[in-house]
Structures are given as structure tokens and as C-alpha cells.
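Listed here are the chains, written in short residue letters.
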Amino acid sequence: MQIERVLAPNPGPYTGPGTNTYVVFRAGEAVVIDPGPIIDEHLGAIEHALADARPTAVLVTHTHPDHAPAANPLARRLGVPALGFAAGPEFDPDATVGDGDQIAVADATLTVIHTPGHTPDHVCYLAETVLFTGDHIMGGSTVIIEDATAYMASLRKVRDLGPGHLCPGHGPEIPEAVAMVDAYIAHREERERQIIRAVADGAGSIADVVDVVYAGLDAALVPAALHQVEIQVRKLVAEGRVASRQPSGGGGAEALIV
């Protein structure tokens, strides 16, 4: 199986150098993974990368605007189906895929791995020992998540697959796959311990926790940090490791306690 990366020209604080689109070849056939936003230059680059291969499908890992919007137009241009876990903004799959489904590329297959956490609809694709991770794991960066409990479970699910190589949706490829997944798990567990320590030391709100845990953070990234701490606090509250209490008298914001 041959893999070619086509970098979308959409760099930014949350996309790094841009979205990684992958063209996966096998025995004269090919699939496209995450064609990204609708940028004519990028769609042309994907078609150029396909060369003489016969495309069979366009796949998306999730429906965020830096991954999925070009899937339907590209699929129409190539005359193939657009596949994904669910519909979303600017993406309407011709057919949906679910955990464990297999997508044929000539005599090989890509297996769909449902990995919620970054988004509920997120999937990875496993081709032999190569895992296309979308935004579940990224090269050179951590991930913004919507559900910390689901995300940790998805990380452990991916680790148990024992992949050998990761092709992320942003950043460089990752050859030490299991070591990187372990590092992601360790990072999230350490962040939880930092939050618990901050609350134990008197941080009584999400903003207070961010001030402690993300001290010196660029102001432009503070909204993302507030969101991430809130998501992780929800997990800690559900597990009984942090509590949220209404102040006596019923006024004011809820306070966090350990």
C-alpha cells in the first residue's frame, strides 16, 4: 500500500501547517482521506496526486470545516461516493460507515475505527499497520476535545490496536505510534492531576484553573483553554474527583471543590 500526503493551503493556529489529505493507493486503485476545505488549488493537487489510479471513494474522519467540506464536490468530480460516520455542516455522506466496517481498495481494506472524543462523529481508518487519525491524534500538538471520558476511551482503544505508524490530520507523520498514544494518555492524566491540585489549592472556577494550569498562555488561546478545562472538569465531576457546589444563599457562580 502506498500513501501520498497532499497538504491543504489552510494554515492557522488550530490547523498547524494545514490539513493533511491522504491518497491511499493499492494495485491501481485509490481512496482519498480528508480532502479538507473547498479550495480549488487543493482539489486540483489531489487529482494530480491520483494520477492514473482509479479512485473508489472519498473518506472523512469527521465533519469539521477543515476536513470535510471538499468531500462531496471532490467525490462528484471523481464519480465516487463520499463516506463518513455522519452528516454534518457542509458534508452529506452518500453512505455512512460505522465501527469495524471495511472499505476495499483493490485487494486491501481500510477498517473504520470509531473514536469519539474530539467530536462524536470522529473515526480513524486502519490500513494494515498505518492508522489515519484525523484530529484524534495530531503531529506536534494536543487535541481540542468535546468529551473527555469518550476521548480517553478512544485513545485506549487505538492503543490496543497496536498501530505501527500514524498519519495525522495535521502535522508530521508519527512512526512511533504506540509510544505517541501512550504519551497522549499520560498528558491527559497529568492535566487531570493539575486541575485537581489547582482546585485543592483554591481555584474555585474554570477561569481560576486556567490561570493556574495554563499560566502565561497566549491570550488568543485562552478561549480554547477555558473550553478544555470545562470539558475535563465535567469528567472529574462525573467521577467524583471534583465537586461543583452552589454557594450558600444560592447566589453567584458554582464553585469547584475537591
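Please read all numbers here as calculations on a predicted model, not as lab measurements.

**Structural notes on the nonpolar core**
Okay, so step 1: Val23, Val32, Val58 and Leu74 are the most contacted members of the largest nonpolar core, which totals 21 residues.
Okay, so step 2: If you list the elements that add at least two residues to this core, you get β2 (20-26), β3 (29-33), α1 (40-50) and α2 (71-78).
Okay, so step 3: Leu74 has contacts with Val32, Pro35, Leu43, Ile46, Glu47 and Val58, leaving out every residue within four places of it along the chain.
Okay, so step 4: Val143, Ala148, Val158 and Leu166 belong to the second largest nonpolar core, which has 20 residues in total.

**Some words on the pattern of salt bridges**
Okay, so step 1: Going through the model one piece at a time under the given rule, you end up with 14 salt bridges.
Okay, so step 2: In this structure, Glu190 and Arg197 form a salt bridge, with 3.2 Å as the shortest nitrogen-oxygen distance.
Okay, so step 3: Arg197 gets classed as partly exposed once you look at its relative accessible area, which sits at 43%.
Okay, so step 4: A salt bridge links Glu239 to Arg241, with the nearest nitrogen and oxygen atoms 3.1 Å apart.
Okay, so step 5: Note on Arg241: relative accessible area 33%, which makes it partly exposed.
Okay, so step 6: One salt-bridge network, held together by shared partners, links Glu192, Lys235, Glu239 and Arg241.

**Focus: the sheet that holds strand β6 (residues 95-96)**
Okay, so step 1: Judged by pairing direction, the sheet is mixed, and its six strands sit side by side in the order β1-β2-β3-β4-β5-β6 without closing on themselves. Looking at which strands have only one partner, the edges of the open sheet turn out to be β1 (2-7) and β6.
Okay, so step 2: Of the strand pairs in this sheet, β3 and strand β4 (residues 54-59) are connected by five bridges, and their pairing is parallel. Looking across to β4, one finds that Glu29 is bridged to Arg54.
Okay, so step 3: Lying on the sheet, α1 is in contact with β1, β2, β3 and β4; it crosses β2 at an angle near 20°.

**Details of the sheet that holds strand β11 (residues 165-168)**
Okay, so step 1: Here we have five strands laid out as an open sheet, ordered β7-β8-β9-β10-β11, and mixed in their pairing. One side of each edge strand has no neighbouring strand; the edge strands of this open sheet are β7 (102-105) and β11. With direction set aside, neighbouring strand axes in the sheet form an average angle of 25°.
Okay, so step 2: Summarising the sheet, strand β10 (residues 130-134) and β11 pair through four bridges and their orientation is parallel. Paired with Phe132 across the bridge in β11 is Cys167.

**Regarding unusual backbone geometry**
Okay, so step 1: One non-glycine residue, Asp34, lies in positive phi territory at about 55°.
Okay, so step 2: As for its position among the elements, Asp34 is in the loop between β3 and α1.
Okay, so step 3: Backbone geometry places Ala51, a non-glycine residue, at a positive phi of 50°.
Okay, so step 4: Turning to its location among the elements, Ala51 is positioned in the loop between α1 and β4.

**So, α2**
Okay, so step 1: Taking burial as the measure, the eight residues of α2 include six buried ones, the bulk of the element.
Okay, so step 2: Taken as a whole, α2 has its buried residues at Ala71, Asn72, Pro73, Leu74, Ala75 and Leu78.
Okay, so step 3: Of the surrounding secondary structure, the elements contacted by the buried residues of α2 are β3, α1, β4 and β5 (82-84).
Okay, so step 4: Downstream of α2 by a residue or two, Gly79 has a phi angle that is positive, lying close to 70°.

**Brief notes about the layout of surface pockets**
Over the atoms, a rolling probe the size of a water molecule traces out where space has been left empty.
Okay, so step 1: In this structure, the largest pocket encloses a volume near 600 Å³.
Okay, so step 2: Taken together, 27 residues form the lining of the largest pocket, with Tyr14, Ser141, Thr142, Val143 and Ile144 sitting closest to its centre.
Okay, so step 3: Elements that contribute at least two residues to the lining of the largest pocket include exactly α4 (177-200) and α6 (222-238).
Okay, so step 4: With four residues, the single largest contributor to the lining of the largest pocket is α6.

**Topic: a nonpolar patch on the surface**
Okay, so step 1: Where nonpolar side chains cluster on the molecular surface, the patch consists of Tyr14, Ile144 and Leu221 and spans about 240 Å² of accessible area.
Okay, so step 2: Its location among the elements puts Leu221 in the loop between α5 (206-213) and α6.

What counts and how
Residues numbered from 1 in each chain as written. Predicted model: local features only at pLDDT ≥ 70, side-chain atom pairs only at ≥ 80, totals over all residues. Heavy atoms only, no water. Core = buried A, V, L, I, M, F, W, Y, C linked by side-chain atoms within 4.5 Å. Buried < 20%, exposed > 50% of the residue type's maximum accessible area, 1.4 Å probe, protein only. Helix = DSSP H or I, 4+ residues; strand = E, 2+ residues; numbered from the N terminus. Contact = heavy atoms within 4.5 Å. Salt bridge = Lys/Arg side-chain N within 4 Å of Asp/Glu carboxyl O. Pairing = 2+ DSSP bridges. Axes fitted to C-alpha atoms, helices over the stretch in contact; angles between N-to-C directions. 1 Å grid on protein atoms, 1.4 Å probe; cavity = no way out; pocket = protein on both sides within 12 Å on 5 of 7 lines; lining within 4 Å. Points joined across faces, edges and corners; volume = space filled by probe spheres on them. Patch = residues over 30% accessible without salt bridge, like charges linked within 9 Å, V, L, I, M, F, W, Y side chains within 5 Å. Areas by Shrake-Rupley, 256 points an atom, 1.4 Å probe, with all protein chains shown as cover.

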